[in-house]
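Examination of the molecular architecture
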Amino acid sequence: MNAKSLLTLLVIVCATAYAGEQAVLTVWTPPPLAKVLRDAVPPPEGPQPLLIQGARNETASAQAAVRPAADIEAAGVSITDLKHRETGAVIPAGAVTLQWERYIAIDRNSEGLPEDELVAKAPNSIPDPFWEGASIPLKAGESQAVWLEAHIPEDAAPGDYEGVLAVTAGDISAQLPVILHVWNFAMPSERHLSVVNWWRFPGLGFEDKIPAYSDEYYRFLGECCTFLAAHRQTDIQSSLSELVQEVKQADGAVGYDTSRFERYAATAFEHGIRQIHLHAVGQLVGPHVSPEGRAEAVPAAMNRLPALEAVIQKNGWQDRVAVNIADEPFISHEQSYAAVVDQVHKMAPSVKVIEAVEAEYFGELDIYVPKLSHLNLWYPRFQEVQREGKELWFYTCCHPVGRYPNRFLDQSLLKARALHWINYLYDLDGYLHWGLNHFYGDEPYTQEAISQRLPLGDRAIVYPGENGFLGSLRLSTMRDGLQDFEYLWVLEDGLRQLKERVGEDAFWLDPRQRPLELCRRVVQSFYDHTRDPDVLMKARRAIAEEIEALQSAPLLVVQTSPPENTFVPAGPRNIGVRGLVAPGASVTVNGSAVAVRESGYFCMTHFMPGDKPVIAVTVEESGEQRSAARSFILERE
């Protein structure tokens with residue numbers, strides 16, 4: 001029996017068990033990006049195989065759900081080795097992390113969110129933290145989710161790998177077929193987007209156990225940085241005054257001890273962190289949002305900057321350290337803030353100045369970080385910032401609310417993932433959030449701990465375990481969104497390399513146009529985005545398929561003027577069609593042959609009729625064909 005027949009038999013067996021054991025234990029695959037609530041029910045048609053898709057060197061996520069008919073004291077979950085359907089190559093079971101999801105009880109919802117944007121209306125329970133134990137109790141009639149993360153080896157062969165997920169409780173077992181599809185490209189190890197969630201380190205659960213700046217402290221720092229880097233966070237933050245200390249010298253003068261900073265930075269950089277933010281060298285004084293408000297340097301902090309600069313120069317850490325002046329300056333602070341920025345650059349030329357800003361003009365600020373909603377309203381000005389060569393990030397916190405994407409506990413996972421599609425859409429350099437683990441009180445797994453006075457989950461997205469940080473649905477989903485960003489980057493980079501290889505006849509090729517066309521299927525602006533997880537997953541699959549297509553014959557790259565999905569009013573609807581194929585290949589556009597140059601370049605003018613909004617391009621080379629279609633909007637709804 002071949003592997004495909006075996007999988008079909010397994011699906012039949014599982015479906016039979018599913019129907020026959022409905023009163024005992026059922027396991028199924030929930031919809032993509034679902035938060036599985038306690039009242040979720042299995043689909044009536046029975047379980048479908050659990051599909052995971054990812055590139056080499058990627059951590060690919062999926063989710064399963066289980067529902068018992070009777071209380072179960074301890075349920076475990078396991079997975080078999082995953083075997084390549086054609087070659088028999090194995091990705092071992094140990095490459096897949098299985099984590100039960102823990103639920104947070106809520107008695108309120110986040111203020112400012114429309115009811116139709118909520119995943120659950122209070123009172124309810126919503127999954128977020130990962131359960132630390134290998135087994136978990138199950139309650140009769142309540143659904144429980146488990147999160148899977150497949151860490152795909154860098155040398156994994158492309159194709160489908162098959163295995164079985166099993167949930168067991170004593171002699172009761174329910175199984176689910178698993179298919180891992182590995183794309184034929186690699187997730188870049190280099191991060192092309194900067195990300196920071198400000199932390200409280202070592203944080204709740206560890207501050208009383210680990211002496212500050214001890215050997216154990218730095219060991220734990222390295223472990224936590226490794227954890228964050230695995231979730232594609234690139235930056236961390238700390239306190240300038242804590243890491244660069246004043247010391248009285250023998251002559252009474254003030255000197256500065258940088259040994260803490262050096263060890264802290266060296267540890268972070270060794271464990272995957274790219275940049276450290278140090279708070280803070282200034283302050284806002286006067287009424288915060290009135291014309292009398294102003295920004296001022298804090299002399300005790302500013303005086304530390306020359307010592308910090310010397311450490312950076314000694315260690316070659318240029319462009320790896322940033323400071324902030326005073327969080328969220330407003331219009332009234334702009335001129336005084338700009339003056340403090342100039343002071344920082346004069347005293348420490350290698351140090352960047354980064355700030356979450358509430359206005360637009362702050363002098364030679366290196367990294368502008370407006371709130372997502374402000375970026376939406378003020379984007380023309382921030383385009384100037386980009387043209388000036390400064391970094392442009394965005395941040396979310398307890399705002400924005402409404403229908404904007406954010407990462408609140410009672411919002412869909414799609415919203416958290418869409419944040420980083422926005423990064424790509426607008427060519428933004430980074431993302432910032434203030435709340436990695438800023439718990440209120442001493443009990444982290446509660447609504448108040450992660451939300452006190454703020455929208456649900458705003459305070460924390462990482463939880464304390466027995467020996468280190470525990471992840472969450474929202475953290476893993478944001479990592480998945482960062483990997484989506486890298487898919488778009490890989491496609492862009494492949495098109496850029498093709499343009500360079502072809503040379504002059506590829507003058508027209510914009511490497512960002514096609515990735516942007518695919519990106520806009522998910523996010524259309526800072527505010528507008530799909531609410532359908534299938535749309536996001538299909539767009540991601542389309543990106544992966546187009547990356548693969550660049551590496552295989554027959555080559556076909558198509559670019560239209562205007563881009564796909566443009567509204568084209570009544571005539572003449574003149575669409576420019578350009579493309580690249582391998583030299584010697586033949587091309588048709590909507591069935592009509594088009595001349596191809598020796599370089600593989602072809603072009604034509606297509607006058608689009610009012611009843612045919614699709615341009616279909618087909619290439620044939622050595623008996624093989626490939627097609628691409630571009631659709632347009634001829635009438636608005």
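Our subject is the structure listed above.
Read on for a plain summary of the structure. (Residues numbered from 1 in each chain as written. Predicted model: local features only at pLDDT ≥ 70, side-chain atom pairs only at ≥ 80, totals over all residues. Heavy atoms only, no water.)

**Points about the overall build of the protein**
Each helix and strand counted, the protein has 13 helices and 33 strands in total. Whereas a compact globule of 637 residues would reach a radius of gyration of roughly 26 Å, the protein reaches 27 Å, a difference of no more than 12%. Across its three principal axes, the protein shows a C-alpha extent of roughly 85 × 70 × 45 Å. Counting all 637 residues of the protein, 55% fall into the buried class. Considering only contacts within the protein whose residues lie at least 6 apart along the sequence, 72% involve residues at least 24 apart. For the protein, the computed accessible surface area is about 26,400 Å², with 50% contributed by carbon and sulfur atoms. On the protein, the mean spot of the 56 positive side-chain charges and the mean spot of the 84 negative ones are 2 Å from each other. (Helix = DSSP H or I, 4+ residues; strand = E, 2+ residues; numbered from the N terminus. Rg over C-alpha atoms; globule rule 2.2 N^0.38 Å. Buried < 20%, exposed > 50% of the residue type's maximum accessible area, 1.4 Å probe, protein only. Contact = heavy atoms within 4.5 Å. Areas by Shrake-Rupley, 256 points an atom, 1.4 Å probe, with all protein chains shown as cover. Lys, Arg positive; Asp, Glu negative; His and termini not counted. Charge placed at Lys NZ, Arg CZ, Asp CG, Glu CD.)

**Observations regarding the environment of Val490**
Turning to its location among the elements, Val490 is positioned in helix α11 (residues 473–502). By relative accessible area, Val490 is classed as buried at 15%. Setting aside anything within four residues of it in sequence, one finds Val490 in contact with Phe185, Ala186, Pro188 and Ile547.

**A look at the sheet that holds strand β29 (residues 586–589)**
Strands sit in the order β30-β29-β32-β33 across an open sheet of four strands; the sheet is antiparallel. The open sheet is flanked by β30 (592–594) and β33 (624–631), the only strands paired with a single partner. With direction set aside, neighbouring strand axes in the sheet form an average angle of 25°. Of the strand pairs in this sheet, strand β32 (residues 614–621) and β33 are connected by eight bridges, and their pairing is antiparallel. Residue pairing for β33: Ile615 is matched across the bridge by Arg630. (Pairing = 2+ DSSP bridges. Axes fitted to C-alpha atoms, helices over the stretch in contact; angles between N-to-C directions.)

**Side note on the pattern of salt bridges**
Scanning all chains against the criterion turns up 38 salt bridges. Put simply, Glu117 and Lys415 hold a salt bridge, and the shortest N to O gap is 3.5 Å. In this pair, Glu117 is assigned in the loop between β7 (96–106) and β8 (124–130) and Lys415 in helix α9 (residues 413–425), connecting sequence segments 298 residues apart. On the accessibility criterion, Glu117 (7% relative accessible area) is buried. Of the charged contacts in the structure, one is a salt bridge between Arg540 and Asp484, with a shortest N-O distance of 2.4 Å. Here Arg540 is found in helix α13 (residues 533–549), whereas its partner Asp484 is found in helix α11, with 56 residues between them in sequence. (Salt bridge = Lys/Arg side-chain N within 4 Å of Asp/Glu carboxyl O.)

**Points about the sheet that holds strand β21 (residues 352–357)**
Taken together, eight strands build an open sheet; the order of strands is β13-β24-β23-β22-β21-β20-β17-β14 and the sheet is parallel. Here the strands that pair on one side only, and so sit at the sheet edges, are β13 (194–197) and β14 (235–239). For this sheet the average axis-to-axis angle between neighbouring strands, irrespective of direction, equals 25°. Examined bridge by bridge, strand β22 (residues 367–370) and strand β23 (residues 391–396) share two bridges and lie parallel to one another. Considered in β23, the bridge of Ile367 is made with Glu391. Along the sheet, helix α4 (residues 259–270) contacts β14, β17 (275–279) and β20 (321–323); its crossing angle with β17, the most-contacted strand, is approximately 145°.

**Quick notes on the pairing of β14**
Summarising burial for β14: four of the five residues are buried, a large majority. Bridge count between β14 and β17: five bridges; the pairing is parallel. Counted as the bridge partner of Asp235 is Gln275 from β17.

**Structural notes on the pairing of strand β16 (residues 254–257)**
Summarising the sheet, strand β15 (residues 245–248) and β16 pair through four bridges and their orientation is antiparallel. Bridge pairing in β16 places Gln245 opposite Asp257. Where β15 hands over to β16, the hairpin turn is made up of five residues, of which Gly252 adopts a positive phi near 90°.

**Some thoughts on the packing of α9 against α11**
Helix-helix packing is described using two parameters, namely the angle between the two axes and the distance between the axes. Between α9 and α11, whose axes approach to 8 Å, the crossing angle comes to 30°. Taken together, the axes of α9 and α11 are roughly parallel relative to one another. Handedness of the α9/α11 crossing: right-handed. On α11, the residues touching Leu413, Ala416, Arg417, Leu419, His420, Trp421, Asn423 and Tyr424 of α9 are Leu473, Arg474, Thr477, Met478, Asp480, Gly481, Leu482, Asp484, Phe485, Leu488, Trp489 and Glu492. (Parallel < 35°, antiparallel > 145°, perpendicular 65-115°, else oblique. Left-handed = near helix turned anticlockwise from the far one by under 90°.)

**Comments concerning the side chain of Glu360**
Considering the arrangement of structural elements, one finds Glu360 in the loop between β21 and β22. As a buried residue without a salt bridge, Glu360 has its nearest oppositely charged side chain in Arg381, at a separation of 6.1 Å. If sequence neighbours within four positions are ignored, Glu360 has contacts with Glu334, Tyr368, Trp378, Arg381 and Phe382.

**Let's talk about the packing of aromatic side chains**
All told, the structure shown has 29 aromatic pairs when counted by the stated rule. Ring plane angle 75° and centroid distance 6.3 Å describe the contact between Trp199 and Phe469, whose orientation is recorded as edge-to-face. One end of the pair, Trp199, is in the loop between β13 and α2 (215–230); the other, Phe469, is in strand β26 (residues 469–470), with 270 residues separating them in the sequence. Classification of Phe469 by relative accessible area gives buried; the value is 11%. Between the aromatic rings of Tyr424 and Phe485, the centroid separation amounts to 5.8 Å while the plane-to-plane angle is 70°, which identifies the pairing as edge-to-face. Of this pair, Tyr424 sits in helix α9 while Phe485 sits in helix α11, placing them 61 residues apart in sequence. For Tyr424, a relative accessible area of 2% translates into the label buried. Positioned over the ring face of Phe269 is Arg320, at 3.7 Å from the centre of the ring. Taking NZ or CZ as reference, Arg540 lies 4.0 Å from the ring centre of Tyr487, over its face. (Phe/Tyr/Trp six-rings, centres within 6.5 Å; stacked < 30°, edge-to-face > 60°. Lys NZ or Arg CZ within 6 Å of the ring centre and 35° of its normal.)

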